[in-house]
Amino acid sequence: MAEAPGSNKRKKVVVVGGGVAGSLIAKTLQFDADVALIDTKEYFEIPWAGLRAMVEPPVARRSVINHKDYLSSVVLIISKAVNVTNAEVILEDDGRQVPYDILVIATGHADPVPRTKPERLHQYEKENEKIKGAQSILIIGGGPTGVELAGEIAVDYPDKKVTLVHNGSRLMEFIGPKASKKALTWLKSRGVDVKLNQSVDLQSLSPGSRSYQTSSGETIEADVHFVCTGVPLSSAWLKDTILVSSLDSNGRLMVDEHLRIKGHQNKFAIGDITDIKEIKQGYLAQQHAEKAAKNIKVILARESETEFVKYQPSSSAIAIVSLGRKEGVAQFPWFTLIGRIPGYIKSKDLFVGKTRKVLGLSPDVVAD
C-alpha cells in the first residue's frame, strides 16, 4: 500500500553487511528509522586487531563484539543476502523477503569466519595453539596482513623460525617503497626470512607434509603455514540482482559523490565494496558510513538533496602497519617513519578501545 501524503510512518533502512562500515551506519541510524542489519555472523569484529588475537587470544574478547551489544534498536537478521529487488532483499536461509525504503550495501570482503562469537573466540584459541606448537612457521603473502602477522610472531615468539613468501618485488605494494623497505629491514632484523618474487603452490602439498615448494624451485620446511593473501570482495551475489549494471570490472559498486549507487536514488554503498579510488582502510570505511548516514537522514527528513554532503576521496596515502606490540611503520603524505612513535599510535591497543567507544561501548569492559 502506498504511503499517504504527510504520513509519519518510519522509513525502513536495510543494511547488508556488519563490518566496519555497516555496523557504524546501522548504529548511527537506529533511532531515525526502522533499521535492519543483515549479516552472516552475530558479531562485529575489529579487523585490525585480529592478528594480535592470534598470538594473544584474550584480545578477541574486546575486539569481537556481539551486534546486540551496541545495536539496541536494530532488527538483527543473521543470514546471507542472495538477491536485491527494487523493494526487498532476499535471504538465503528461507527465501525471506526483507522490505526496504533505503538500502545500504556494505558487504566488504568475503571473510570465511564463524557465525557466533564463542566460535570465533575458539578459532583464535586454536590458531594460537597452532603457533605455539610449531617451531617453524610459513607465512604466505607480504601485504599488510602477512607483515603484521610475521611481526607479531617474531616479537612474541622470537625463538621460532618464521619465513614469509611474497610474490611481489616488494612488501606491501599498496604503500610507498620507502615504507616497504623499512618494514623489510625490520623483519630481517628480527630473524624473519623474507623471500620476494616467489609463490607457494599449496595444491601440490601432500597431507602431513612439512615441505613447501616455491615457484623458484626452492623447498621450505615449516611445521605450519598461514595464508595472508587477499580476500575476494563479497560482491559476486550482486551479479544476479538489479545492481549488476552498477558493478565495475573489478566487482565493486560504482557510487557517486554522495555514496549513492550510480543509477539508484535510494541505494547506497560504503566501505571496501565501493569503486572509490583510495586505499581501502578501516578509518576511511568509517568516514563513508558517517557521510552516507548524514545523506540518508536528509532523505528521512524529506529535505532537499541540496543538503547532501559530499564524500571527498582520500588523496593522501596515510597508512600505519604494526610491527609487534611496540613498533610500527607509518607512511604520511610527506615522510615515512618506523619505530616506537608509529607503534605508540597503533600497535599498543590497535585502536580497539577507540573503536569500542565509537560504538558507544566501554573501551575496556567486555560484554559476553
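Computed from a predicted structure; not experimentally measured.

Novice: Help me out: how do you make sense of the sheet that holds strand S8 (residues 97-99) in this one?
Specialist: By way of backbone hydrogen bonds, the strands of a sheet pair with one another, either parallel or antiparallel. In space, the three strands of this open sheet follow the order S6-S7-S8, with antiparallel pairing throughout. In this open sheet, the two edge strands, each paired with only one partner strand, are strand S6 (81-84) and S8. Strand-to-strand twist in this sheet, taken as the mean axis angle between neighbours without regard to direction, amounts to 30°. In the sheet, strand S7 (residues 88-91) pairs with S8 via three bridges, with the strands oriented antiparallel. Bridging across to S8, Val89 finds its partner in Val98.

Novice: Got a minute to help me understand the pattern of salt bridges in this structure?
Specialist: Pairs can form between side chains of opposite charge whenever their charged atoms are close. Enumeration over the complete set of coordinates arrives at 19 salt bridges. Asp32 is paired through a salt bridge with Lys297; the nearest N and O atoms lie 3.8 Å apart. Of this pair, Asp32 sits in the loop between helix H1 (20-29) and strand S2 (34-39) while Lys297 is found in helix H7 (residues 282-300), placing the two residues 265 residues apart along the sequence. On the basis of relative accessibility, which here comes to 33%, the residue Lys297 falls in the partly exposed class. Notably, a salt bridge pairs Arg260 with Asp256, separated by 3.7 Å at the nearest N-O pair. Its relative accessible area of 25% is what places Asp256 among the partly exposed residues. Via salt bridges that share partners, Lys161, Asp193, Lys195 and Glu218 belong to a single interconnected network.

Novice: I would appreciate a short explanation of the nonpolar core in the present structure.
Specialist: Looking at soluble globular proteins, one finds that nonpolar side chains tend to be buried together. Core analysis: the biggest nonpolar cluster contains 99 residues, and Val13, Ile25 and Ile105 have the highest contact counts within it. Counting residues per element, this core draws most heavily on H7, which supplies seven residues.

Novice: What is the right way to look at the environment of Lys182 in this model?
Specialist: With respect to the secondary-structure elements, Lys182 resides in helix H6 (residues 177-189). Lys182 sits in the partly exposed class, given a relative accessible area of 32%. The spacing of Lys182 and Val147 is 35 residues in sequence and 12 Å in space, taken between C-alpha atoms. Ignoring any residue separated from it by four or fewer positions in sequence, one finds Lys182 in contact with Val329, Thr336 and Ile338.

Novice: Is there a simple way to think about the sheet that holds strand S12 (residues 193-195) in this case?
Specialist: Strand order in the open sheet made by the four strands is S12-S11-S10-S15, with parallel pairing throughout. Both outer strands of the open sheet, S12 and strand S15 (224-227), are each paired with one neighbouring strand and no more. This sheet shows a mean twist of 15° between the axes of neighbouring strands, independent of strand direction. Where strand S10 (residues 136-140) lies against S15, four bridges are found, and the strand directions are parallel. Along S15, the bridge assignment pairs Ile140 with Val227.

Novice: Sorry, what's going on with a nonpolar patch on the surface here?
Specialist: A cluster of nonpolar residues, Ile341, Tyr344 and Ile345, forms a patch on the protein surface that exposes about 360 Å² of accessible area. Tracing the sequence through the fold places Ile345 in helix H8 (residues 340-347).

Novice: How should I be thinking about the pairing of strand S17 (residues 319-323) in this particular structure?
Specialist: A regular strand places its side chains on the two faces of the sheet in alternate fashion. S17 sits mainly inside the fold: five of its five residues count as buried. A two-sided burial pattern is seen for S17, the buried positions comprising Ala319, Val321 and Leu323 on one face and Ile320 and Ser322 on the other. Relative to strand S18 (residues 327-331), S17 is paired through five bridges, and the arrangement is antiparallel. In the strand pairing of S18, Leu323 is matched with Glu327.

Novice: Would you explain the packing of aromatic side chains in this entry?
Specialist: Aromatic rings in a pair are described by how distant their centres are and how their planes are angled relative to each other. One pass over the full model with this rule turns up two aromatic pairs. On the numbers, 6.5 Å between centres and 70° between planes, the contact of Phe44 with Tyr70 is edge-to-face. Taken as a pair, Phe44 in strand S3 (residues 43-45) and Tyr70 in the loop between strand S4 (64-66) and strand S5 (74-78) lie far apart in primary sequence, 26 residues in all. Like Phe44, the residue Tyr70 is buried in the burial classification. Consider the rings of Phe332 and Phe335, whose centres lie 5.0 Å apart with planes at 35°: the pair is tilted. For Phe332, a relative accessible area of 22% translates into the label partly exposed. Residue placement shows Lys41 over the ring face of Tyr43; its charged tip is 5.8 Å from the ring centre.

Conventions and cut-offs
- Residues numbered from 1 in each chain as written.
- Predicted model: local features only at pLDDT ≥ 70, side-chain atom pairs only at ≥ 80, totals over all residues.
- Heavy atoms only, no water.
- Pairing = 2+ DSSP bridges.
- Helix = DSSP H or I, 4+ residues; strand = E, 2+ residues; numbered from the N terminus.
- Axes fitted to C-alpha atoms, helices over the stretch in contact; angles between N-to-C directions.
- Salt bridge = Lys/Arg side-chain N within 4 Å of Asp/Glu carboxyl O.
- Buried < 20%, exposed > 50% of the residue type's maximum accessible area, 1.4 Å probe, protein only.
- Core = buried A, V, L, I, M, F, W, Y, C linked by side-chain atoms within 4.5 Å.
- Contact = heavy atoms within 4.5 Å.
- Patch = residues over 30% accessible without salt bridge, like charges linked within 9 Å, V, L, I, M, F, W, Y side chains within 5 Å.
- Areas by Shrake-Rupley, 256 points an atom, 1.4 Å probe, with all protein chains shown as cover.
- Phe/Tyr/Trp six-rings, centres within 6.5 Å; stacked < 30°, edge-to-face > 60°.
- Lys NZ or Arg CZ within 6 Å of the ring centre and 35° of its normal.

Any link to function would need more than the numbers given here.
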